[in-house]
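# A look at the structure
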Amino acid sequence: MTFSVQKVLLKEKNGLFALFLIFTVFDLIGETIQNHGHYNFIFIVGGFVTMMLYVALKIVKTRTAFLKNNR
């Protein structure tokens, strides 16, 4: 089997977004409970970036044939 970037993008977008979303939510809840304002901005920015990547890949998947070639 050969490596395919298209397969990786298609299969791993959900897991990457979910990972950042979970860590971001846990950080926000933890800091809110402790009444701290020391939010981990890496999680927040990473969550936002992966959310935008997820939405972009969903749009590419549904409207183009780019990710449909190597299933």
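Residues numbered from 1 in each chain as written. Predicted model: local features only at pLDDT ≥ 70, side-chain atom pairs only at ≥ 80, totals over all residues. Heavy atoms only, no water.

What follows deals with the overall build of the protein chain. Helix and strand counts for the protein chain come out as two helices and zero strands. Its C-alpha radius of gyration of 16 Å places the protein chain more than 25% over the 11 Å reference for a compact globule of 71 residues. Taken over the C-alpha atoms alone, the protein chain extends approximately 50 × 25 × 15 Å along its principal axes. Buried positions account for 18% of the 71 residues belonging to the protein chain. Long-range contacts, defined here as pairs at least 24 residues apart, represent 53% of the contacts in the protein chain between residues at least 6 apart. A total accessible area of about 5,600 Å² is found for the protein chain, and carbon and sulfur atoms account for 71% of it. (Helix = DSSP H or I, 4+ residues; strand = E, 2+ residues; numbered from the N terminus. Rg over C-alpha atoms; globule rule 2.2 N^0.38 Å. Buried < 20%, exposed > 50% of the residue type's maximum accessible area, 1.4 Å probe, protein only. Contact = heavy atoms within 4.5 Å. Areas by Shrake-Rupley, 256 points an atom, 1.4 Å probe, with all protein chains shown as cover.)

With that settled, consider the packing of aromatic side chains. Per the counting criterion, the structure on display carries two aromatic pairs. For the ring pair F17 and Y54, a centre distance of 5.3 Å and an interplane angle of 20° mean the geometry is stacked. Taken as a pair, F17 in helix α1 (residues 5-33) and Y54 in helix α2 (residues 41-63) lie far apart in primary sequence, 37 residues in all. With a relative accessible area of 19%, F17 lands in the buried category. (Phe/Tyr/Trp six-rings, centres within 6.5 Å; stacked < 30°, edge-to-face > 60°.)

Bringing the side chain of K13 into the picture now. Considering the arrangement of structural elements, one finds K13 in helix α1. Of the side chains with opposite charge, E12 comes closest to the buried, unpaired K13, at an N-O distance of 10 Å. Here K13 is in contact with V8, Y54, L57 and K58, once residues within four sequence places are set aside. (Lys, Arg positive; Asp, Glu negative; His and termini not counted. Salt bridge = Lys/Arg side-chain N within 4 Å of Asp/Glu carboxyl O.)

What follows covers α1. Taking 1.5 Å per residue, 29 residues should reach 42 Å; α1 reaches 41 Å between its end C-alpha atoms and fits that length. Along α1, the largest kink reaches about 50° and is centred on E12. Within α1 the residues assigned to the buried category are Q6, L10, K13, F17, T24, D27 and E31. In this structure, the buried side of α1 is in contact with α2. Backbone geometry just after α1 places N35 at a positive phi near 55°. (Expected span 1.5 Å × (residues − 1). Bend = angle between axes of the 7 residues up to and from the residue.)

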